[in-house]
Amino acid sequence: MTRIVILSIFPRLGSKVKMLYPVSEIRLNYWSTEYSNSSTYSYDTQEHTIGNQSIKRIMLALEFLQGVSAWTTGENSIADVKFKWDLVVNVNNRCYPLQIKSNSETATEAYEKYVELWEQAEIPFLPVIFWTNAGSSIKKMAQYFAQLFNVPLKQTHLSTNVEIPLSKIISHKNYKHIDEVGAGKKAHKPIVMALMSAAGRGEWDKQAEDLLQAIVDRRKNIHYQLIKHCQQIAQARLLQAKVLKEQLENTKQ
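Residues numbered from 1 in each chain as written. Predicted model: local features only at pLDDT ≥ 70, side-chain atom pairs only at ≥ 80, totals over all residues. Heavy atoms only, no water.

### Considering the packing of aromatic side chains
Taken as a whole and assessed by the stated rule, the structure comprises ten aromatic pairs. Ring geometry for W85 and F125: centres 5.8 Å apart, planes at 20 degrees, overall stacked. Placement of the pair is W85 in the loop between α3 (78-81) and β4 (87-91) and F125 in the loop between α4 (104-119) and β6 (128-131), with a sequence separation of 40 residues. Note on F125: relative accessible area 11%, which makes it buried. Arranged with centres 6.1 Å apart and planes meeting at 10 degrees, the rings of F145 and F149 form a pair that is stacked. One end of the pair, F145, and the other, F149, are both in helix α5 (residues 138-149), four residues apart, so they sit about a helical turn from each other. What makes F145 buried here is its relative accessible area of 0%. Among the aromatic residues, those joined into a ring-pair cluster are Y21, W31, F83, W85 and F125. (Phe/Tyr/Trp six-rings, centres within 6.5 Å; stacked < 30°, edge-to-face > 60°. Helix = DSSP H or I, 4+ residues; strand = E, 2+ residues; numbered from the N terminus. Buried < 20%, exposed > 50% of the residue type's maximum accessible area, 1.4 Å probe, protein only.)

### A look at the pattern of salt bridges
Per the stated rule, a full pass over the model turns up one salt bridge. Between D210 and K206 there is a salt bridge, and its shortest N-O distance comes to 2.7 Å. Here K206 and D210 lie together in helix α8 (residues 206-218), a separation of four residues that amounts to about one turn. (Salt bridge = Lys/Arg side-chain N within 4 Å of Asp/Glu carboxyl O.)

### So, the sheet that holds strand β3 (residues 68-72)
Across the sheet, which stays open at both edges, the four strands sit in the order β3-β4-β5-β6 with mixed pairing between neighbours. Two strands bound the open sheet, and with one partner strand each, they are β3 and β6. Between one strand axis and the next, the sheet turns through 35 degrees on average, direction left out of account. Of the strands in this sheet, β5 (94-101) and β6 are in contact with α4, which crosses β6 at around 170 degrees. Sitting on the sheet, α5 touches β4, β5 and β6, and the angle it makes with β6 is about 160 degrees. (Pairing = 2+ DSSP bridges. Axes fitted to C-alpha atoms, helices over the stretch in contact; angles between N-to-C directions. Contact = heavy atoms within 4.5 Å.)

Dropping the structure here:
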């Protein structure tokens, strides 16, 4: 199995040897969109918001790299809950899953927990953990990843599509119209993920917004009603605004 060896968790966290293992894109796409029944995570917390910001900083850094793309795993997905993967990086048609943390303390705690899971054969390999906070330089992280993956930096920084677009999720779930969206507890989640994915790029997915509004209007999904919809739209717009602000600040550096 081809793998990349790195000597520490980013930026600095000891000298243990870690491996970046490639996983096939087909498997990753499935695990990133298929939901787990064993999730106990809460996604409406300040910690989760901070964690998302760390992931977005990593993704912004990866945008500086030529021929590299990335996407986040879905909330409550098998990749997220079972395997502990937050982000998938595609380099030269090889996909590498990563775990992202917002500080060194949580990264250390997570690594110790993942060692136990790995020893119990609960996860296929130890996820490599990168941590970053608001003080991290996007450009310096980009330079680090360029060295890690042995790829050049772009001549100019162009925004790329770094997450799974709605069309890909809709295709996976066979959603072409609101009539094809189920009324189960998690039926709305792939569409919410697409909306947040676009917001995380500083963009807006009108198709996802319209589908979510249609779910509310037909009144069949008891787990996604008007109050939840208003909160979700507000959360997505807030994330979009934060990303746009961060992108603007990065261009001034």
